[in-house]
Amino acid sequence: MISHDEATQRKILNRLKRARGQLDAVISAVEEQKSCRDVVTQLSAVTSALDRAGFAIVSTAMRECVVADAEGGAAEDGDDDRMTIDELEQLFMRLS
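These remarks concern the structure in this document. (Residues numbered from 1 in each chain as written. Predicted model: local features only at pLDDT ≥ 70, side-chain atom pairs only at ≥ 80, totals over all residues. Heavy atoms only, no water.)

## Side note on the overall build of the chain
Our working definition: Working definition: helices are DSSP H or I runs of at least four residues, strands are E runs of at least two. Numbering for both runs from the N terminus. Categorising residues by exposure relies on relative accessible area from a 1.4 Å probe, with only protein chains included: less than 20% of the type maximum marks a residue as buried, more than 50% marks it as exposed, and the intermediate range marks it as partly exposed. In what follows, a contact means two residues having at least one pair of non-hydrogen atoms within 4.5 Å. Per-residue and other accessible areas were derived by the Shrake-Rupley procedure at a 1.4 Å probe size, with only the shown protein chains allowed to occlude residues.
Counting secondary structure elements, the chain contains three helices and two strands. What you see in the chain, going N to C, is helices and strands ordered as α-α-β-β-α. Here the chain holds 96 residues, and the buried ones make up 21% of them. For the chain, the proportion of contacts with a sequence separation of at least 24, taken over those separated by at least 6, is 49%. If you sum the accessible surface of the chain, you get close to 6,800 Å²; carbon and sulfur atoms cover 53% of it.

Right under this line is the structure:
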């Protein structure tokens, strides 16, 4: 689960579905031998949509999943979705 908030979950899913549609457009453009400009423009849109989805997920994690390092990094009550600040930072850096 990415978010406990349904509205946030829906927004993230919408971003990912938009990226999927844009990727389909890239594939079609390549198959149809469209111009380099068209392919790169569509590819840029996919990359941007995926980046925005990734940042939305990390942002959600910052609000919902962070366990303070002072607590020893252990998840509370067996909640495997919770992360330490270091783990969250690693996720964020993967997007950059």
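## Considerations on helix α2 (residues 36-64)
So the rule is basically this: One fewer than the residue count of a helix, multiplied by 1.5 Å, yields its expected span.
Taking 1.5 Å per residue, 29 residues should reach 42 Å; α2 reaches 42 Å between its end C-alpha atoms and fits that length. Burial in α2 covers these residues: V39, V46, A49, A53, G54, V58, T60 and A61.

## Digging into the packing of aromatic side chains
To keep it simple, the criterion reads: Only the six-membered ring of Trp is used, alongside the rings of Phe and Tyr, when aromatic pairs are assigned; centres must lie within 6.5 Å, and planes under 30 degrees apart are stacked while those over 60 apart are edge-to-face, with the rest tilted.
The full count for this structure, using the stated rule, is one aromatic pair. Relative to F92, the ring of F55 lies with its centre 5.7 Å away and its plane at 50°, an arrangement referred to as tilted. A residue pair is termed long-range when its members are at least 10 positions apart, and F55 in helix α2 and F92 in helix α3 (residues 85-95) qualify at 37 residues. By relative accessible area, F55 is classed as partly exposed at 36%.

## Side note on unusual backbone geometry
For Q33, which is not glycine, the phi dihedral falls at a positive 55°. Accessibility expressed as a relative area gives 72% for Q33, which makes it exposed.

## Comments concerning the environment of T84
Examined against the element boundaries, T84 turns out to sit in strand β2 (residues 83-84). The spatial distance from the C-alpha of T84 to the C-alpha of M62 is 9.8 Å, given a sequence separation of 22 residues.

## Quick notes on the side chain of T60
Spelled out, the test is: The term polar contact refers here to a pair of N or O atoms within 3.5 Å; inside protein, the definition further demands a hydrogen-donor-capable atom paired with an acceptor-capable atom, and it admits residues adjacent in sequence only when both atoms are side-chain atoms.
When you line up the elements, T60 lands in helix α2. With a relative accessible area of 1%, T60 lands in the buried category. In terms of polar contacts, T60 uses its side chain to reach the backbone carbonyl oxygen of A56, at 2.8 Å.

Keep in mind these numbers describe shape, not what the thing actually does.
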